Amino acid sequence: MLIKRRRDWEIPEAEATDEAVFLNRRHLLKSAAAGVAAAMGGAALSPQGAEAAAGPPEGDPSINLYPVARNDSFALDRPLTDEAVFARYTNYYEFGTSKSIWREARNLPVRPWTVVIDGLVEQERQIDIDDLLAQVELEERLYRLRCVEAWSMAVPWTGFPMRALVELARPLASARYVRMETFNDPEVAPGQRAGWYPWPYIEALTIEEATNELAFLGTGAYGQPLAQQNGSPLRLVVPWKYGFKSIKGIVRFTFTEEMPTTFWWDVQGAEYGFWANVNPEIDHPRWSQAEEQFIRTESDVGFLARPERRPTLLYNGYGDFVAHMYAGLEERYGDRLFR
Ligand SMILES: Nc1nc2c(c(=O)[nH]1)N[C@H]1C(S)=C(S)[C@@H](COP(=O)(O)O)O[C@H]1N2
Ligand SMILES: [Mo]
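What counts and what doesn't
Residues numbered from 1 in each chain as written. Chains lettered and ligands numbered in written order. Predicted model: local features only at pLDDT ≥ 70, side-chain atom pairs only at ≥ 80, totals over all residues. Heavy atoms only, no water. Near = heavy atom within 4 Å. Polar contact = N/O pair within 3.5 Å; in protein donor to acceptor, adjacent residues only side chain to side chain. Areas by Shrake-Rupley, 256 points an atom, 1.4 Å probe, with all protein chains shown as cover. Nonpolar A, V, L, I, M, F, W, Y, C, P; charged D, E, K, R; others polar. Buried < 20%, exposed > 50% of the residue type's maximum accessible area, 1.4 Å probe, protein only. Helix = DSSP H or I, 4+ residues; strand = E, 2+ residues; numbered from the N terminus. Arc of directions from axis to C-beta. Salt bridge = Lys/Arg side-chain N within 4 Å of Asp/Glu carboxyl O. Phe/Tyr/Trp six-rings, centres within 6.5 Å; stacked < 30°, edge-to-face > 60°. Lys NZ or Arg CZ within 6 Å of the ring centre and 35° of its normal.

Lining the immediate surroundings of ligand 1 are 18 residues, of which Tyr93, Glu94, Arg235, Ser246 and Lys248 lie closest. Here Tyr93 contributes a backbone N or O atom positioned 2.7 Å from an oxygen atom of ligand 1. Asn230 is positioned such that a nitrogen or oxygen atom in its side chain is 2.9 Å from an oxygen atom of ligand 1. Against a free-state accessible area of 530 Å², the protein chains account for coverage of 99% of ligand 1. Tallied by class, the residues present in the shell around ligand 1 amount to nine nonpolar, six polar and three charged.

Right, let's talk about helix 6 (residues 162–169) for a bit. Given 3.6 residues per helical turn, the α-helix brings residues three or four places apart onto the same face. Taken together, the buried positions of helix 6 are occupied by Met162, Leu165, Val166, Leu168 and Ala169. Along the long axis of helix 6, the arc covered by the buried residues comes to 160°, so they all point the same way.

A word on the pattern of salt bridges. One pass over the full model with this rule turns up 20 salt bridges. The salt bridge involving Arg144 is made with Asp77; its shortest N-O contact spans 3.5 Å. On the criterion of sequence distance, the pair formed by Arg144 in strand 3 (residues 139–146) and Asp77 in the loop between helix 2 (47–53) and helix 3 (83–88) is long-range, its members being 67 residues apart. In this structure, Glu203 engages Lys245 in a salt bridge whose closest nitrogen and oxygen atoms are separated by 2.6 Å. Separated by 42 residues along the polypeptide, Glu203 in strand 6 (residues 202–206) and Lys245 in the loop between strand 9 (235–237) and strand 10 (250–256) bring together distant segments of the chain. The network of salt bridges with shared partners includes Asp77, Arg78, Arg144, Arg146, Glu292, Glu308 and Arg310.

Time to look at the packing of aromatic side chains. Taken as a whole, this structure holds 29 aromatic pairs when the rule is applied. Through a chain of ring-to-ring contacts, three or more aromatic side chains come together here, namely Tyr93, Trp196, Tyr197, Trp199, Tyr201, Phe244, Phe263, Trp264 and Tyr272. Above the plane of the ring of Tyr318 lies Arg144, whose end atom (NZ or CZ) is 4.5 Å from the centre. Taking the ring centre of Phe274 as reference, the NZ or CZ of Lys245 above it sits at 4.5 Å.

Shape is all these values report; function is a separate question.
Given below as structure tokens:
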């Protein structure tokens, strides 16, 4: 049996506080570790770093597929986050728990990359990522991204509707959920040597959610293939849910009848569960979700940064697309729909 550790200081939000300062404090810790004098305001992320962080993995053959046409159905209410910030301020626990793991992540080999489709499907199969990309139609979509830690970004993703993957998989009528699994390679990913986490990272959606118009499988961002730290070569993008649902580096889709346990639910079930829909009125047990801090430029993550605060929107502003899926579930799940 899996032994569940419930140590507050080992989970991502442990650095967060009820106050508005957690971004700044986290940045301080990061800078101190890097031996940088952090007391100078602004310019926290160096331009050299920006060049190294952004851009596709070396030799990524899918680069020829980019850029692709934008689907204009998904308008933003704010400017895009700068690419260099998106590429460096990331969560990817496989590579460490700080916000500066992008360098380690860039060591992840993303070719060859095989995706397994199994469980309750007509025929289990394995598919090479480039064969998969050849079978789907890529498009660009501008989506908001809301992390459970209360920061947010606005990102131009490239990818394809998750519905296309579900159709390709041909699930049996008995399938009700899609479980997704991240690669597991402790030799490349130092975070996976930490035995107290239940690796690999797992996330899941109901089939109804996975085939919702908004559910997207990301393969790129900012007009080029995803960098490793952002989930290359394949990640989920579900903008109405907290960011931890949007699993990176996917190697397996498993169709199941039972609701799968997910990574954060397993690590800290009192705070994170299956649904994780964004809701300003349901606070995280340790901090408010009423507002978010919008990270747009490098100065929004620097020392003494004051990122723009915006009210959190129900379903992160995507209620028109998704609210109907939860109407019948409130009685059964209550607040659990929102964490
Ligand atoms: N495999 C894996 N996927 C993951 C994570 C992770 O640690 N491991 N972090 C999640 C969290 S908490 C967030 S907010 C988003 C961040 O995506 P980004 O770093 O590309 O902006 O990725 C999600 N996907
Ligand atoms: Mo997150």
